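One letter stands for each residue in the lines below.
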Amino acid sequence: MIIFSLGHTFGVKVEFGDGAAGYPSPTKPDLPCMYIDTFQGIKKPIYTVRYGTVLPDDAVELAYVSTSEIDADTNMGFADRSGAAPENAAMFVSGEESFTGDTYSSYLKNILITDVTTDAIPSQPIKPLYYKHVLPATADTESVFILDKNFSRINTYLYKVVAEPEYDDDGNLTGDTDYVAVYNNLENTFDDDTGLLTIYYVQYTDSSSGTPVTTTVLLNNSPVYREATFEDIDPVTLQLKSYVKAYIVKQSGNYYYFTLPQSKTYYVKFGDNIRIRALPPALDDGQSPWFVRVTNGSFVHNYLGTLFTYRIPEFRSQLFNPLYPYKFAAGQTGILITDGLVKLPHDNVALDEWPAYFVVKDRSGTVLYAITTDSSKDGQEYTEDGTGTGVYWDTSLLTSYDTNSGIIHLDVALKDYYTIDCTYYYEEHYYEYTLVNFNPLNNPDVLDHIYVLYLVPEAGAASHEASIHHLKVGRDGLIKECSQDGSNGEPDIASSVIGLPYGRPIRIPVPGDGTQDDDGSSAMAALGHEFMCYPQAATGIQDFIKQYTLEAPAGYPGQTSTGRYLILAEVSVVKHQDVTDVVILDTRVRGGGIKEDMESLAKQTNPEVIWYGDIGLGGGMPYPGKSAVIVKLPCYILREYGGNLERDEVTEIVKRHVGFGHYPVIDYYGITPEISLASAPTGESLSISWPSEGNNVTFDIYYTSGDGVFTKHNSSPIQDNASGNTYTISGLQAGVEYGVYVQATVSVPFGLVTKKAADGLPAGQGEGEFASQFSSYTGPRSRILYAVVMS
Amino acid sequence: MTVNITWSENAGGSAITSVSWGNIQNGDEATAKDVYFWHDGTEKITNCQLYIQPFSGTYNGSASAQDDYNELIAWGDGASDEGFLLNQNTENGSSSYQTHNSSQGTASAPFTLSRNAVIGAGGAGTAGELDAGETAHIQVKIKVPSGEDTAGTRQFDQCLKYTYTS
């Protein structure tokens, strides 16, 4: 009988014996009970924790670990320095003014002009309205309202509805309405980072068909006055037609001169968007290249009689498609704002001028809707890779849009897991500076440098093809790279400025830690100091700012006619995240893990998925320890070695006492002589040999001639020989196969005596004392060696 | 209990861990900066000594922390009024700057805190001691030799070592 009680980590108490064999048995309380040492090796299974984006088939996911994706808004830093030129300063260009007449002059080319104002009311003065939303001429002006995002009417003081009259080619009134204009200063906006949405709708009723039809569309503004086109010019007088809302602009000296169709009171607004300045990339996600944009502005600056024109000549050299000023955006992902509203990645989308395509898919990629503005495709099947999808192009599902903000309204119940693939054209208002990709995933160099974007003006009659350039400035404040190599007609300064100081500390100093070393009762506190030194050469360049830019102090070369460069921005890319930004989603908890429709497959693939709360029992599943327990037992407990138990019985007992999930590996140890033939079995004898097993071991030799009955051959125990044992059985019959094995008898000191001396303790051993030699036992025998004996 | 030092640009002001000097052109001397420090012990701290050492924080200069330190010491060796300069007579109305060079102002030969730098002490007391509640006021400045022709950013540590009883 064996009783296992697993201890803590090590130590297994084993009591064995059956009394009849001379060994103690617990069932016989008066018999001695022996405690023996056993070996229990516990080895936990080896789990490989793997980090990756793809889950191997044999793995069980533990958690999703991620940080928030980088984006240009968060990770890019802009120091806007474009206001160094007074004509481009935000304060200068952010106001508005009025004038009466038909001409106007300005340093700036991009301005807003209007002759429409709100109507004066007692509590509010008149206010110029610079934008208009155009409605059909058949719209009833009394039915026109602007609604906010909650579809509530906004104050009518904020806009003005006018039925604009129609003129014939001779400039005479026809008596009809050309269009209904909703003049306003409102703007639709959506911030995809914050989700902040400002949206306006225009609602109007059209009764021209006899049945009043009320329509609500997104506010879609355009400037009240625009730069004139050919149709605005009288072909006879070559002057502006008197009734158009357009102007002609020409540059003369350091001013832009605007000619208007009539002499009246106009209002002019200088918006912040008309300054020349650098802006963050249009596509700012982590996968896209981050190209800084520069607004396509223009202004003239007079310095001591020399006119400097600040403009972006390379704006027109961009890759327009199909023609200037449009660009093609294919396969863009629309941002779902609310049910039906989608923000396109670009502003100023050209939905009126060029076809656009919007394909709505569910999360499995199944096409649900194919929406287009292209009437020639209406009703045709949408195909992908030449394969029909069963979905047909539909022009009716795009109900309205705002081209300025790039927000469209689809007559579709959009779910948050839908994707909207958008292909469209947009009007480019910016010059995209593509010489530097600021995405640190593509260009790690940006993390170690500050980039200075600057504009080289055209002095006097000089002109060049490119005006925007950059410097790459190292952490030490020295210029490492300059793109202005003279290849576009501008002065070549690259070779002169590389290695020289930029001229301004351009980074946040890394502070000393200020900690102190506590050395018993002595300590030290450190205060970090940092300074830069830009040596002043006797002649030549001081630094970039002093040498070339408008920001140079008086008397430095930058203030002269050879310089006057305008620094637009100092651009940096920083790491914003730390360990607290790491997001961990434990997939083993409820709500994580495996999709319901994949559970069966998952269980087949890896049964351990039942440990997930969602898949296993609601109250949880026992979590197996999954250890392997190595139990080492003396082999003499086995019947085959003279013991009382079969191997299966031992295994069953052991399994009964180890924990669930623990796999027992039973290893028997003991004296097991390894016998072999000492020599060829000739001479009608059989010689065997076996190694020494210790001086407390004796051996008996048993043999059989094949009848299965083993007979001891030796007459007295054979004492172990430290140098090895041999034994020869002589007098055998040639041609007969004999079997032979060696039986060991061991005398060992073991066990704690718990039996009274009267029950057979060795002489000198007292009750409860540790026996130096309690007993001997018939140890394990060797394997049976069979050999045919020859003559 | 550990006694902690607070550095500040003002007496009793917010703690600072670094001083940024901006650009100092060769031949120029930066405008002196006031530095205050005090401790939070309940007993006075003693053996207060000031010195400079290579920058111990994350180095972001143009050469190495050791090179910057060596350069600063060499500047002080070249002329007594160049390099990193320390004025401990802030509270007695005088302005006498000590130069950090290879023989003084280093870890092995530090400047002992003068009682003339302790606000309200009137010069009284034992040099090198700063009592609980007292504030030391020093001025520091940097002068770059006119012959310096290497552009770049330099960093170094100004240190106060002291003994305290807990």
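Remember, it's a predicted structure, so these values are computed and weren't measured experimentally.

> Explanation requested: the overall build of chain A in the structure shown.
Summing up its helical and strand segments, chain A has 6 helices and 52 strands in all. Expressed as a percentage of the 791 residues in chain A, the buried residues total 31%. Counting contacts in chain A only where the partners sit at least 6 residues apart, residues at least 24 apart contribute 62% of the total.

> What exactly am I supposed to notice about the overall build of chain B here?
Across its full length, chain B holds 1 helix and 9 strands. Reading the secondary structure of chain B in the N-to-C direction produces β-β-β-β-α-β-β-β-β-β. With 166 residues in all, chain B has 43% of them scored as buried. Within chain B, contacts between residues at least 6 apart in sequence are counted, and of these 69% link residues at least 24 apart.

> For this particular structure, what's the right way to read the pairing of strand β18 (residues 246-252) of chain A?
Walk down a regular strand and you will see the side chains alternate between the two sheet faces. Residues and elements named next belong to chain A. Strand direction decides the pairing type here: strand β17 (residues 226-227) and β18, joined by 2 bridges, are parallel. The residue bridging Arg226 from the neighbouring strand is Ala246, located in β18. Two elements, β18 and strand β19 (residues 255-269), share 5 bridges in a ladder whose sense is antiparallel. Bridge pairing links Val249 to Phe258 in β19.

> How should I be thinking about the environment of Asn47 of chain B in this particular structure?
Note that Asn47 of chain B resides in strand β4 (residues 46-54). When residues no more than four places from it in sequence are discounted, the contact partners of Asn47 of chain B are Gly128, Tyr162 and Thr163 of chain B.

> Help me understand the interface of chain A and chain B, please; the structure alone is not making it clear to me.
Accessible area lost during the coming together of the parts is what is often quoted as the interface size. Between chain A and chain B, the contact holds 30 residues from the first and 45 residues from the second. Classifying every residue of the side of chain A that touches chain B by side-chain character gives 16 nonpolar, 9 polar and 5 charged.

> Please explain the sheet that holds strand β30 (residues 387-394) of chain A as it appears in this structure.
Picture the strands of a sheet paired through backbone hydrogen bonds; they go either parallel or antiparallel. Residue and element names in this part refer to chain A. Across the sheet, 6 strands lie side by side as β24-β33-β27-β28-β30-β29; this open sheet has mixed pairing. If you trace the sheet from one side to the other, it starts and ends with β24 (326-333) and β29 (381-384), each paired once. Neighbour-to-neighbour, the strand axes of this sheet turn through a mean angle of 25°, independent of strand direction. Relative to strand β28 (residues 367-372), strand β27 (residues 357-361) runs antiparallel, the two being bridged by 5 bridges. Residue pairing in the sheet places Phe358 in a bridge with Ile371 of β28.

> Any chance you could explain the confidence of the model for chain B here in plain terms?
Any region with low pLDDT has predicted coordinates that should not be read closely. Confidence in the prediction for chain B averages 91 pLDDT; 99% of positions are at 70 or higher. Across the interfaces of the predicted complex, the ipTM metric reaches 0.92, alongside a pTM of 0.56.

> Quick question: what am I supposed to make of the confidence of the model for chain A here?
All names here are of chain A. Summary statistics for chain A give a mean pLDDT of 79 and a share of 76% for residues scoring 70 or more. Every residue in residues 1-46 is under pLDDT 50, and counting partners more than four places away or in other chains gives 85 contacts. Taken together, the stretch residues 507-520 has pLDDT below 50 and engages in 37 contacts with residues farther than four places along the chain or on a different chain.

> Just checking my understanding: could you explain the nonpolar core for this structure?
Among soluble globular proteins, nonpolar side chains are generally buried collectively. Residues and elements named next belong to chain A. Of all hydrophobic cores here, the largest spans 162 residues; its most connected members are Leu453 and Leu568. Excluding residues within four positions of it along the chain, Leu568 makes contact with Arg81, Ser82, Ile276, Arg277, Ala278, Val294, Leu453, Tyr454 and Leu455. Grouped together as the second largest cluster of nonpolar side chains are 12 residues, Ile675, Trp690, Ile701 and Val789 included.

> I would appreciate a short explanation of unusual backbone geometry in the present structure.
Across residues other than glycine, the phi torsion is negative in most instances, and most of the peptide bonds are trans. Note the cis peptide between Asn321 of chain A and Pro322 of chain A, where omega equals 5°. In this fold, Pro322 of chain A is placed in the loop between β23 (306-310) and β24. Residue Pro325 of chain A follows Tyr324 of chain A across a cis peptide bond; omega there is 5°. Along the chain, Pro325 of chain A turns up in the loop between β23 and β24. Residue Asn348 of chain A is not a glycine yet carries a positive backbone phi of 55°. Its place among the elements puts Asn348 of chain A in the loop between β26 (341-343) and β27. Within the chain, Asn47 of chain B stands out as a residue other than glycine whose phi angle is a positive 55°. Judged by C-beta crowding, with 17 C-beta atoms within 10 Å, Asn47 of chain B ranks as partly exposed.

> Teacher, can you tell me more about the sheet that holds β23 of chain A here?
Residue and element names in this part refer to chain A. The strand order across the open sheet built from 3 strands is β22-β23-β36, with neighbouring strands paired in antiparallel fashion. If you trace the sheet from one side to the other, it starts and ends with β22 (299-303) and β36 (458-459), each paired once. Pairing of β23 with β36 involves 2 bridges; the strand directions are antiparallel. Bridging from a neighbouring strand, Phe308 pairs with Ala459 of β36.

> Honestly, the environment of Asp102 of chain A in this entry has me stumped. Any pointers?
All names here are of chain A. Residue placement: Asp102 occurs in strand β6 (residues 96-106). Note: C-alpha distance between Asp102 and Thr265 (163 residues apart in sequence) is 8.5 Å. Those residues in contact with Asp102 that sit more than four places away from it in its chain are Thr259, Leu260, Gln262 and Ser263.

> Hey, could you run me through helix α1 (residues 65-78) of chain B in this one?
Since there are 3.6 residues in each turn of an α-helix, residues three or four apart along the chain are aligned in direction. Residue and element names in this part refer to chain B. With 14 residues, α1 should cover 20 Å at 1.5 Å per step; its first-to-last C-alpha distance of 20 Å lies within 8% of that length. Among the residues of α1, Ala65, Asp68, Tyr69, Leu72, Ile73, Trp75 and Gly76 are the ones counted as buried. Projection of α1 onto a plane perpendicular to its axis shows the buried side chains occupying an angular sector of 155°, all on one side. Where α1 is buried, its residues contact β4, β5 (83-87), β6 (97-99) and β9 (152-163).

Calculation notes
- Residues numbered from 1 in each chain as written.
- Chains lettered and ligands numbered in written order.
- Predicted model: local features only at pLDDT ≥ 70, side-chain atom pairs only at ≥ 80, totals over all residues.
- Helix = DSSP H or I, 4+ residues; strand = E, 2+ residues; numbered from the N terminus.
- Buried ≥ 20, exposed ≤ 12 C-beta atoms within 10 Å, placed from the backbone.
- Contact = placed C-beta atoms within 7 Å.
- Pairing = 2+ DSSP bridges.
- Nonpolar A, V, L, I, M, F, W, Y, C, P; charged D, E, K, R; others polar.
- Axes fitted to C-alpha atoms, helices over the stretch in contact; angles between N-to-C directions.
- pLDDT = per-residue confidence, 0-100.
- Core = buried A, V, L, I, M, F, W, Y, C linked by C-beta atoms within 7 Å.
- Expected span 1.5 Å × (residues − 1).
- Arc of directions from axis to C-beta.

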